[in-house]
Structures are given as structure tokens and as C-alpha cells.
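An overview of the molecular structure
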Amino acid sequence: MIAIIVVISSCSDSTEEADPCQNGPELSIDNITISIEGQSNGAIEVSANNGTSPYMYSIDGINYQNDGSFTDLEANDYTVTVKDANNCTVSEMATVTEVPEVSYASEIRPIIDTNCQISNCHGERQGIPSFATYADVSANANGIKFRTGNGSMPPAGPMPDAQVQLISDWVDQGAPNN
């Protein structure tokens, strides 16, 4: 029996440069703000790390800017891209959703009056904030959204899903006095 062993080796005097994009940028979508129906008031906020700064940001892959805040957006899908100083890029999809405008006067106030601004609750009970005025409700808007969302408010039991969604949308729209 004869065994043949072939050894192939390669040597080169040239040094290969490392791929600058091997440790390229990473993209983080930090916040997406909804757009109110028929308006272009949505927003996307992104940030980058790793790669080589400075970073440039785009939502169309063509026009780049120095910061990761995109405002005045209509409801749509956007491809957010970050490019670092080595022209290395990474992209991710972000969706700005559209919701109908929620009225405090005709939609939220009646929900508050029926479920919260009642005796022994947020009406006149000691130690619990009153929801008698818009200022009272708006000052507590995030807490109202949280507690109605998890079913802990009102104490009589969870509100219908449609009312909980209205409150959530109204708070997400900035709790306007409309």
C-alpha cells in the first residue's frame, strides 16, 4: 500500500486589510410616534452605535441627515438606514401607524364622567386625584392609560376594549384639549 500525502501551502507577502464593515454600525429604533388620520405628524427616532462615527441617517436610502429624528411623517412603512464614516450601512423597517383623532370633549370626557368622576372614586374621595377638569385628566393621562390598559381602573371592572383604546390613542396623541 502506497500513501500519497499532498500538502498545499500558500504564502503571500501582501497583507489583506480587514473589512471595515465587519464591525459596522448597529441601528436601534428608539421611538415611533403615531400619525393622526389625514395628517403628517408621525415621527421616528433612531440611534446608532458600533461602527465608526459620525453616523448619517436616512428613511429613503438616498437623502441622509446628521441626526436620527424624522418628523412630519405620514402613516407608512419606512426603511430606516444608518451609515457610518466607512460607508457601512444597516437598515431596518419602521412603521408609522395612523389612528383617528380622538376628541377629549366628545369621547374622553364622557368616559371619565361615567367611569371615574363618580362618588367614592375620582370625584370627591380623599387622597385620590380629582378628574373634574381637563387639567386634572391631562396631568394624570399616562396613569389613566396604564391603569385602564391593565384593567385596574375603574375598580368596578375593566372598561370595554373600545373605550380603553380611545383613552390609549388620546394619550398617544398628546392628550389634546379638543
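The structure we're discussing is the one just above.
Here the structure is a predicted model, which is why all the values come from computation and not from measurement. Per-chain numbering applies: the sequence of each chain, read as written, is numbered from 1 onward. Given that this is a predicted model, residues contribute local features only at a pLDDT of at least 70 and side-chain atom pairs are listed and counted only at 80 or more, while totals for whole chains, interfaces and linings are drawn from all residues. To get the side-chain values, take all heavy atoms of the structure and skip hydrogens and water.

**Some points on the state of the cysteines**
Quick reminder of the rule: Note on terminology: disulfide denotes any pair of cysteine sulfur atoms within 2.5 Å. Helix numbering and strand numbering both begin at the N terminus, where a helix is a DSSP run of H or I of at least 4 residues and a strand a DSSP run of E of at least 2. Residue burial is assigned from relative accessible area. The probe radius is 1.4 Å, only protein chains are included, and a residue is buried under 20% of its type maximum, exposed over 50%, and partly exposed in between.
Applying the stated criterion across every chain, the model contains one disulfide. Disulfide pairing places C21 opposite C88 at an S-S distance of 2.0 Å. On the sign convention where negative means left-handed, the S-S torsion of about -90° between C21 and C88 marks this disulfide as left-handed. Within this pair, whereas C21 is found in the segment before β1 (25–33), its partner C88 is found in the loop between β6 (76–83) and β7 (89–96), the two being separated by 67 residues in sequence. When its relative accessible area of 35% is taken as the criterion, C21 is described as partly exposed. By relative accessible area, C88 is classed as buried at 2%.

**Regarding the side chain of D169**
For the record, the criterion: Under the convention used here, Asp and Glu are negative, Lys and Arg are positive, and both His and the chain ends fall outside the count. What counts as a salt bridge is simple: a side-chain nitrogen of Lys or Arg found within 4 Å of a carboxyl oxygen of Asp or Glu. Any N or O atom pair separated by 3.5 Å or less is treated as a polar contact, with the protein-specific requirement of one donor-capable and one acceptor-capable atom, and with residues adjacent in sequence counted only for side-chain atom pairs. What makes two residues a contact is simply this: any of their non-hydrogen atoms within 4.5 Å.
Within the fold, D169 resides in helix α4 (residues 161–172). One buried charge, D169, has no salt-bridge partner; the nearest side chain with opposite charge is K145, at 7.5 Å. Of note is the side chain of D169, whose polar atom sits 2.8 Å from the side chain of Q165. Among residues more than four places away in sequence, those in contact with D169 are I34, V99 and V102.

**What to know about the sheet that holds β1**
Adjacent strands of a sheet form backbone hydrogen bonds with each other and so pair up, either parallel or antiparallel. Spelled out, the test is: Two strands qualify as a pair provided that DSSP identifies no fewer than 2 bridges between them. To obtain an axis, a line is fitted to C-alpha atoms, over the contacting stretch when the element is a helix, and the angle between two such axes runs from 0 to 180 degrees between their N-to-C directions.
Ordered in space as β1-β3-β5, the three strands form an open sheet in which the pairing is antiparallel. Pairing within the sheet leaves two strands with one partner each, and these edge strands are β1 and β5 (69–73). Along the sheet, successive strands turn relative to each other by an average axial angle of 20°, direction set aside. Bridging between β1 and strand β3 (residues 42–50) involves eight bridges; their strand directions are antiparallel.

**What to know about the pattern of salt bridges**
According to the stated counting rule, one finds two salt bridges in the structure shown. Between R109 and D113 there is a salt bridge, with its nearest N and O atoms 2.7 Å apart. Taken as a pair, R109 and D113 lie in helix α1 (residues 104–115) at a separation of four residues, close to a single helical turn. Judged by relative accessible area, R109 falls into the buried class, the value being 13%. Across the salt bridge formed by K145 and D172, the nearest N and O atoms sit 2.5 Å from each other. Here K145 is found in helix α3 (residues 141–149), whereas its partner D172 is found in helix α4, with 27 residues between them in sequence. Judged by relative accessible area, D172 falls into the partly exposed class, the value being 34%.

None of this, on its own, says anything about what the molecule does.
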